[in-house]
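Each chain, letter by letter, is given below.
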Amino acid sequence: MHHSKVIQFLKKLTPQELKKLDRYIHSPYFQIPPKVHQLFDLLAKHHPDFDHKSLAKNRLFQKLYPEEPYKADKLYSLNKMLLRAVMDFMVDLRIRENGITYHLQALQVLRERGLDQYMNTNLKDAHQSFKKYPYKDGDFFYHNFRLFEIDTQWTLQQNNRAVEAGLQTTLESLDHFFVTEKLRFACAIINRKKILKENTEITFLDDVLAYCEKANLESSPTLEMYFQTYRMLTEEM
């Protein structure tokens, strides 16, 4: 068990995260089988090193099923269920800690469930959260595009004529996301070409560079950084 997938995942958790996972695993809401609870408890006490001899497969199985002979497939099944629970927890933790992702998911839920009366308040909260995002990188522009897309669709649904500004911002965010990511990949590809002599084609690059030449990049420092990096890399070639 020392090198199992589930232990490799558990090693990546901080002590605080492990405590949250403990509550997650034992929550009746998720209906995780009791034997999986027990396996988790046996493993978690050895966090973060997981190097104790009691983690040998046969010893774990004996503690889980003291009246039965060792069965590898039975332990494998428990490991698989625990691994899935740990992965689900990590994804859930990521969504909750990333305010942008959480707000987008919440807005989608409100629309899908017909909770229209709460849309305006949650849209306002989402926009405020986005203003606090520290980096205007590709990830920001993509999620900003998604937010304004939801906002614009909602505004149209309400037959609100004041939709033009939202459409403009939606398109600008989409453009910035595409251009930022295109330049990021272009810089990475050029670096690889210097080392591995690869010949990967970068489509739409001329359009991207023309966009950067005309655009005001002061409000997008990440995009400007990639643009200047690309120019520096190509000047060296």
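Right above here is the structure, for reference.
Residues numbered from 1 in each chain as written. Predicted model: local features only at pLDDT ≥ 70, side-chain atom pairs only at ≥ 80, totals over all residues. Heavy atoms only, no water.

### Concerning the environment of lysine 71
With respect to the helices and strands, the residue lysine 71 is situated in the loop between α4 (57-64) and α5 (72-97). Given a relative accessible area of 36%, lysine 71 falls into the partly exposed group. Once the C-alpha coordinates of lysine 71 and phenylalanine 61 are considered, the two residues, 10 residues apart in sequence, prove to be 7.8 Å apart. (Helix = DSSP H or I, 4+ residues; strand = E, 2+ residues; numbered from the N terminus. Buried < 20%, exposed > 50% of the residue type's maximum accessible area, 1.4 Å probe, protein only.)

### Examining the side chain of threonine 222
Mapped onto the secondary structure, threonine 222 falls in helix α11 (residues 221-236). Of the residues examined, threonine 222 reaches a relative accessible area of 14% and is grouped as buried. Setting aside residues up to four positions removed in sequence, threonine 222 forms contacts with Lys136, Asp137 and Thr180. (Contact = heavy atoms within 4.5 Å.)

### Considerations on the nonpolar core
Grouped burial of nonpolar side chains is what soluble globular proteins tend to show. Among the nonpolar cores identified, the biggest contains 29 residues, and Val6, Leu10, Leu21, Phe40, Leu43 and Leu82 are the most heavily contacted of them. Within the residue set of this core, elements represented by two or more residues are α1 (5-11), α2 (15-26), α3 (34-44), α4 and α5. Among the elements that make up this core, the one with the highest residue count is α5 (seven residues). Non-local contacts of leucine 10, meaning those with residues more than four positions away in its chain, are made with Leu18, Leu21, Phe40, Leu43, His47, Phe50 and Val86. If you look at the next biggest cluster of nonpolar residues, it comprises 17 residues, including Val179, Leu205, Val208 and Leu223. (Core = buried A, V, L, I, M, F, W, Y, C linked by side-chain atoms within 4.5 Å.)

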